[in-house]
Amino acid sequence: MKWINNISLKYKLIGLVLLVTIAVTFAGYAVIIVRFANDQERKFQSTVDTHALLLADYCVGPMSFNDSIETRNVLQRIENLPHIISARVYDKNNRLFSEYIADTAFNNNTYEEIETEQFKKSITYKNIEYGNIVLLASKENISSEISSFMLSNAGWILFLLLLGSFAAYRMQFVITRPLASLAMASKRISQEADYSIRLHREGKDEIATVYNAFNNMLTQIEKRDEARNAVELKLQKAKEDAERADQLKTSFLTNMSHEIRTPMNAILGFTNLMLEESLTPKQEKEYLKVINESGATLLNLVNDILDISKIESGELSIAEGICDINALFSDLFVSFNEIKSQKKKAHLELYINNPLNHRKILLKTDPFRLRQVLVNLLNNAIKFTDSGHIEYGLKENNDSLVFYVKDTGIGIDNSHIKEIFKRFRKIDDKKTRLYRGAGLGLAISQDIVTLLGGKFHVESEPGEGSVFSFSLPKILAEKKDFPDKKDDSGKTDLDLMGKTVLIAEDEPNNFKFLNQLLQKYNATIIWARDGQEAINQVERQKTDLILMDIKMPVLDGFEATKRIKEQYPEMIIIAQTAYASTDVMRKCKSAGCDYFVSKPIKKTELIKALKQASIRPNK
């Protein structure tokens, strides 16, 4: 039956409809013929039966007189009756009384072959039975009438078959045309890969269901292709980003190598000169100054790299506190006047524009991060300004404070402004190549301002200067809620005579520095190389103050502080750690540390903390 699969669906449908039409037509025709034959049979039975009853009544008189001749005369009437071949009358003893055979029967040579049927009726009158009459009837007329009926209706059968053929031809279009459209659409889609093609059909029949399913399938394929294209675009972008990142990494490593080696060259070079040569006090002081500045440069670079790492990992947190804006501006003014001199740019004028200096401004924000942003902007202003002035300050809006740093430096072209906020990026032209830097300060500053809830803005003109500004939410604190803390640490000189200071530090060089520094202030020094040893030292001898390193072997500074505070709650502990972040400061406070200094430890900060600790009243 494989040959059927090679026939077009159109002809299959036509053939199927024709077969069904022929089967139904002939079945109906057969039913009509059978019903017609049954009707003729019933009519034949009724007619002959009626004739038999009439002849029986007519035979009552002759038989009552036993007159067979008259009886035969009665039977002769069958000559005028249809179907009847012969008639016989039997007396009540079932003996033949009289009979008559129609002439047509004798003229019919096929009399013996004719299908016949006998009809028997009783000859009775007033309950007196005289005998029986038997009629022999021919069914030949019935067959001829059926044949005539069949022939007369053959034309209708042919007409119905032709009508069925035409209906089959027309009806196949109802199915084949939609399927042909579906096939053509499928072929076009396979050739052109155009999945936007759609088929439309009114109604809710199976074809409409197939069309809808086909359209839904195309929609799914479109969505899949869109998703795949989106993924491919993402992969392409990721590839391009990876290539840029690789280039950026190479550039970063090259830049970092330069930024690290430059101050390291100064540190090692001048250190070797101090070790190998006999120097005058003036030369020693000059060399030490260079070494100190180079070390500070390295420290700033390390801090920037750590901040970028925290920003990328989402670990840079904001510690909300209270920032005295007037005090901050004054402190920056003193610091950057000194930095100008160090950078050999003392000729630059530095101005503060603070229209709110007539009142104390306590801003709720992260003081450390706000200072960091302003320091970055002022450092850049000094770096890129060779003449003129630098101005910093703020402006007050209804719901924000706008901080700004304005300079008369080299300026930036508008097309390069977005680039300067990208990490490790510096404007690559002949002039800016003269300026050192890792290209991290502005990127860090922008991220910090965003975390503080503000926005960055830059206005610049090449050769005219730049204005870097950022806004912060104006959330002010009431002075009465945050009273000024009295700081009497600077009133007296530090004297630790009679004080025992425990230095918990695992690095020998760090201990040597602290030991050398504290001996100048007459302190008795104890050294513990880990947290557990610090606890043991406190338990063995009286200790007045502890300088606690946070990261140590055996037991870290957090846990050691907790255990010591549990036994000696009045013990003064100053935390010292290289992790100078607000999170670490918060953990130090939570562990029980009273003060905090960050590494590398500045002498002024340590002395300030020691003074505060030494003058703190006993509990």
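Please read these numbers as outputs of a predicted model, since none were measured by experiment. (Residues numbered from 1 in each chain as written. Predicted model: local features only at pLDDT ≥ 70, side-chain atom pairs only at ≥ 80, totals over all residues. Heavy atoms only, no water.)

Caption draft 1: Local environment of the overall build of the protein. Scanning the protein for helices and strands turns up 17 helices and 16 strands. Evaluated residue by residue, the protein yields a buried proportion of 37% over its 619 residues. Across the protein, the fraction of contacts at a sequence separation of at least 24, relative to all contacts at a separation of at least 6, is 67%. With the model as given, the accessible surface of the protein reaches about 37600 Å², and the carbon-plus-sulfur share is 54%. (Helix = DSSP H or I, 4+ residues; strand = E, 2+ residues; numbered from the N terminus. Buried < 20%, exposed > 50% of the residue type's maximum accessible area, 1.4 Å probe, protein only. Contact = heavy atoms within 4.5 Å. Areas by Shrake-Rupley, 256 points an atom, 1.4 Å probe, with all protein chains shown as cover.)

Caption draft 2: Structural context of the sheet that holds strand E15 (residues 572–577). Read across the sheet, five strands follow the order E13-E12-E14-E15-E16 without closing on themselves; strand pairing throughout is parallel. Each of the sheet's edge strands pairs with one partner strand only, and the pair in question is strand E13 (524–528) and strand E16 (595–598). Taking each pair of neighbouring strands and ignoring which way they run, the sheet shows an average axis angle of 20°. Here strand E12 (residues 500–504) runs beside strand E14 (residues 545–549); their pairing, made up of four bridges, is parallel. Its bridge partner being in E14, isoleucine 503 is matched across the sheet by leucine 547. Helix H13 (residues 508–519) contacts E12, E13, E14 and E15 of the sheet and is inclined by roughly 170° relative to E13. Sheet strands touched by helix H14 (residues 531–540): E12, E13 and E14. Its angle to E13, the strand with the most contacts, is close to 140°. (Pairing = 2+ DSSP bridges. Axes fitted to C-alpha atoms, helices over the stretch in contact; angles between N-to-C directions.)

Caption draft 3: A look at H14. For H14, the full list of buried residues reads Gly531, Ala534, Ile535, Gln537 and Val538. Here the buried residues of H14 occupy an arc of 160° about the axis, which is enough to place them on one side. Contacts made by the buried residues of H14 are with E12, E13, E14 and helix H15 (557–567). (Arc of directions from axis to C-beta.)

Caption draft 4: A look at the confidence of the model for the protein. Summary statistics for the protein give a mean pLDDT of 81 and a share of 87% for residues scoring 70 or more. The secondary-structure element of the protein with the lowest mean pLDDT is helix H5 (residues 103–107), recorded at 56, while strand E9 (residues 400–407) shows the highest, at 93. Low pLDDT, under 50, characterises residues 106–110; the predicted model gives this stretch three contacts beyond four residues in sequence or across chains. Counted against residues more than four places away or in other chains, residues 482–492, with its pLDDT under 50, gives 14 contacts. (pLDDT = per-residue confidence, 0-100.)

Caption draft 5: Fine view of the packing of aromatic side chains. The full count for this structure, using the stated rule, is nine aromatic pairs. Their ring planes at 55° and their centres at 4.8 Å tell us that phenylalanine 270 and tyrosine 287 sit as a pair that is tilted. Of this pair, phenylalanine 270 sits in helix H7 (residues 206–276) while tyrosine 287 sits in helix H8 (residues 281–313), and the two are 17 residues apart along the sequence. Residue classification places phenylalanine 270 among the partly exposed residues on the basis of a relative accessible area of 24%. Linked through ring pairs, Phe329, Tyr392, Phe403, Phe456 and Phe470 together constitute an aromatic cluster. (Phe/Tyr/Trp six-rings, centres within 6.5 Å; stacked < 30°, edge-to-face > 60°.)

Caption draft 6: Quick look at a nonpolar patch on the surface. A contiguous nonpolar patch, built from Trp156, Phe159, Leu160 and Leu163 and spanning about 440 Å² of accessible area, is present on the exposed surface. The topology assignment puts leucine 163 in helix H6 (residues 140–192). (Patch = residues over 30% accessible without salt bridge, like charges linked within 9 Å, V, L, I, M, F, W, Y side chains within 5 Å. Salt bridge = Lys/Arg side-chain N within 4 Å of Asp/Glu carboxyl O.)

Caption draft 7: Just the pairing of strand E8 (residues 389–396), in detail. In this sheet, E8 lies alongside strand E6 (residues 349–353) in parallel orientation, the contact comprising five bridges. By the bridge assignment, asparagine 353 is partnered in E8 with glycine 393. Direction of pairing for E8 relative to E9: antiparallel, over a ladder of seven bridges. Looking across to E9, one finds that glutamate 396 is bridged to leucine 401. Counted between consecutive antiparallel strands, the loop separating E8 from E9 contains three residues.

Caption draft 8: Fine view of the nonpolar core. Among the nonpolar cores identified, the biggest contains 42 residues, and Ile325, Leu370, Phe403, Phe468 and Phe470 are the most heavily contacted of them. If one sorts the elements of this core by residue count, helix H10 (residues 367–383) sits on top with seven residues. Here phenylalanine 468 is in contact with Leu377, Phe403, Tyr404, Val405, Ile412, Ile420, Phe421, Leu442, Phe456, His457 and Val458, once residues within four sequence places are set aside. Residues Cys59, Phe119, Ile146 and Ile157 belong to the second largest nonpolar core, which totals 31 residues. (Core = buried A, V, L, I, M, F, W, Y, C linked by side-chain atoms within 4.5 Å.)

Caption draft 9: Seen up close, the pattern of salt bridges. The tally for this structure, following the rule as stated, stands at 22 salt bridges. Across the pair glutamate 115 and lysine 139 runs a salt bridge, and its minimum N-O distance is 4.0 Å. Here lysine 139 lies in the loop between strand E4 (128–138) and H6 and glutamate 115 lies in the loop between H5 and strand E3 (116–125), a separation of 24 residues in the sequence. By relative accessible area, which is 51% here, glutamate 115 ends up exposed.

Caption draft 10: Structural detail: the sheet that holds E9. Strand order across the open sheet formed by five strands is E6-E8-E9-E11-E10, with mixed pairing between neighbours. Where the open sheet ends on each side, the last strands, each with one partner, are E6 and strand E10 (455–461). Neighbour-to-neighbour, the strand axes of this sheet turn through a mean angle of 10°, independent of strand direction. Both E10 and strand E11 (residues 465–473) contribute to a ladder of seven bridges, which runs antiparallel. The residue bridging histidine 457 from the neighbouring strand is serine 469, located in E11.

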